[in-house]
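One letter stands for each residue in the lines below.
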Amino acid sequence: MSEKARVIGVTGGAISLGGFAAAVGLCCTVPWAVALFGVTGAVAFARLAFLLPYAVVGAAGFLALAFWLAYRRPPECNDASCAPPNRRALRWFVWIAAVFVGVLSVVALTMQVTLV
Amino acid sequence: MLRFSSFLVSAAVLLVTADAARSADRATYQVLDEGAAQLREEFNAAKGSVRVLFVVDPICPGCLRGLDDMNKDLLSKTNDPHLQTFVVHVPRMTPPPKAKDVPEAATLLHNDHVRHYWNPSGSFGEELSQALGLKVDGEDVYAWDVWLVYGTDAVWDGTSPPKPEYFMHQLWALGVTDLPRFDSKVFAQRVHQLLASIPKP
């Protein structure tokens, strides 16, 4: 697997987990779950609420891995066949994803706590 | 072709039957007035029975999960007429639920002795909050997503509902207090203890 695909895959995992956390966090404060999935679906969704902190931790873990992949020193080569790839775009991608996941996680955790 | 047509007709009949069955499952409800007079009357009429009172928002997923848990651990396992259940639906979510959401939520409870009420103004939660003394740092906490059980002797004679024998909640605002958090299994045990104390004829 290429370096680029690996970074994109890992960052995608972080975004997915962050999105899942936000959806679970929002499900209990915003009444969209019943409208979208019906009563039974909303109950099923609410049963996943315990996964929220694990999803946030998992997203953070994926992000850490993405940063490590994007910033690690490229393997040294003796010939010109493995010229270091330009990682500037990948690093931008990881940073943008990190901000996005951060916002999703804050939304998820805040929404869960403000349920009164 | 004929076989396909018969399949289509059978499928349509099945769908209509299933929908009719679902509609039949949908419970009716009463709209509560400001003093909750209907609820008070029916609560007092059931004196001699163990009474449970659930206050929920009909579109709050956490409340719905609570109803589903109560159904699994308590209501679907008994049809004892000495257990009477009152469910008050109050609007707490934004945008608020509508009356049509109440019968949908009511489908989660399978027991012949359940009554549902819809309190569009939400005043019932304020009155119950006073009765339960739900406060955090001196501030009243609105009583919803609360689960109460009353003994056989409880009478509602004031304006607010009486103090329950036991209650649980799923309110984050009360998270730091020592009030018991929702656990349908423990709640069911309490109810069964009270039911066991009723003298059998």
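Criteria and thresholds
- Residues numbered from 1 in each chain as written.
- Chains lettered and ligands numbered in written order.
- Predicted model: local features only at pLDDT ≥ 70, side-chain atom pairs only at ≥ 80, totals over all residues.
- Pairing = 2+ DSSP bridges.
- Helix = DSSP H or I, 4+ residues; strand = E, 2+ residues; numbered from the N terminus.
- Axes fitted to C-alpha atoms, helices over the stretch in contact; angles between N-to-C directions.
- Contact = placed C-beta atoms within 7 Å.
- Nonpolar A, V, L, I, M, F, W, Y, C, P; charged D, E, K, R; others polar.
- Parallel < 35°, antiparallel > 145°, perpendicular 65-115°, else oblique.
- Left-handed = near helix turned anticlockwise from the far one by under 90°.
- pLDDT = per-residue confidence, 0-100.
- Core = buried A, V, L, I, M, F, W, Y, C linked by C-beta atoms within 7 Å.
- Buried ≥ 20, exposed ≤ 12 C-beta atoms within 10 Å, placed from the backbone.

Peer 1: Teacher, can you tell me more about the sheet that holds strand 2 (residues 50–56) of chain B here?
Peer 2: Either a parallel or an antiparallel arrangement is found when strands of a sheet pair, and the pairing is made through backbone hydrogen bonds. Residues and elements named next belong to chain B. Taken together, 6 strands build an open sheet; the order of strands is 1-4-3-2-7-8 and the sheet is mixed. With one partner strand each, in any of the chains shown, strand 1 (29–31) and strand 8 (166–169) form the two edges of the open sheet. On average, adjacent strands in this sheet sit at an angle of 20 degrees to one another, irrespective of strand direction. Inspection of the sheet shows strand 7 (residues 146–150) paired to strand 8 by 4 bridges, in the antiparallel sense. For tryptophan 147, the partnering residue across the bridge sits in strand 8 and is methionine 168.

Peer 1: How do you make sense of the interface of chain B and chain A when you look at a structure like this?
Peer 2: If you look at the interface, chain B gives 17 residues, while chain A gives 14 residues. Those elements giving two or more residues to the side of chain B that touches chain A turn out to be helix 3 (61–73) and helix 4 (101–106) of chain B. Top contributing element to the side of chain B that touches chain A by residue count: helix 3 of chain B, with 5 residues. Residues belonging to the side of chain B that touches chain A are distributed by class as follows: 12 nonpolar, 2 polar and 3 charged.

Peer 1: When you look at the packing of helix 2 (residues 32–46) of chain A against helix 3 of chain B in this model, what are you seeing that I'm missing?
Peer 2: Two packed helices can be described by the angle between their axes and the distance between those axes. The N-to-C vectors of helix 2 of chain A and helix 3 of chain B enclose an angle of 50 degrees; their axes lie 8 Å apart at closest approach. Between helix 2 of chain A and helix 3 of chain B, the crossing angle belongs to the class labelled oblique. By crossing handedness, the relation of helix 2 of chain A to helix 3 of chain B is classed as right-handed. For the pair helix 2 of chain A and helix 3 of chain B, the contacting residues are Ala33(A), Val34(A), Val39(A), Ala42(A), Val43(A), Phe45(A) and Ala46(A) in the first and Pro61(B), Gly62(B), Leu64(B), Arg65(B) and Asp68(B) in the second. Class assignment for the residues of the contact of helix 2 of chain A with helix 3 of chain B results in 9 nonpolar, 1 polar and 2 charged.

Peer 1: Just checking my understanding: could you explain the confidence of the model for chain B for this structure?
Peer 2: Reading predicted coordinates in detail is not appropriate for stretches of low pLDDT. Residue and element names in this part refer to chain B. Averaged over all residues, the pLDDT of chain B is 86; the fraction at 70 or higher stands at 83%. pLDDT under 50 marks residues 12–24. Its contacts with residues more than four places away, or in other chains, come to 0 contacts. Both scores are available for the predicted complex, with the pTM at 0.78 and the ipTM at 0.72.

Peer 1: Help me understand the environment of Tyr150(B), please; the structure alone is not making it clear to me.
Peer 2: Residue and element names in this part refer to chain B. Looking at the element boundaries, tyrosine 150 is found in strand 7. For the pair formed by tyrosine 150 and lysine 47, sequence separation is 103 residues and the distance between their alpha carbons is 9.7 Å. The contacts of tyrosine 150, once residues within four sequence positions are left out, are Arg51, Leu53, Pro162, Pro164 and Glu165.

Peer 1: What exactly am I supposed to notice about the nonpolar core here?
Peer 2: Within the largest apolar cluster, 83 residues are counted, with the highest numbers of intra-cluster contacts made by Ala21(A), Val55(B) and Leu64(B). Among the elements that take part in this core, helix 1 (residues 3–27) of chain A stands out by supplying 9 residues, more than any other. Other than its neighbours up to four places away in sequence, Val55(B) contacts Val88(B), Val90(B), Phe124(B), Gly125(B), Leu128(B), Ala143(B), Trp144(B) and Val146(B).

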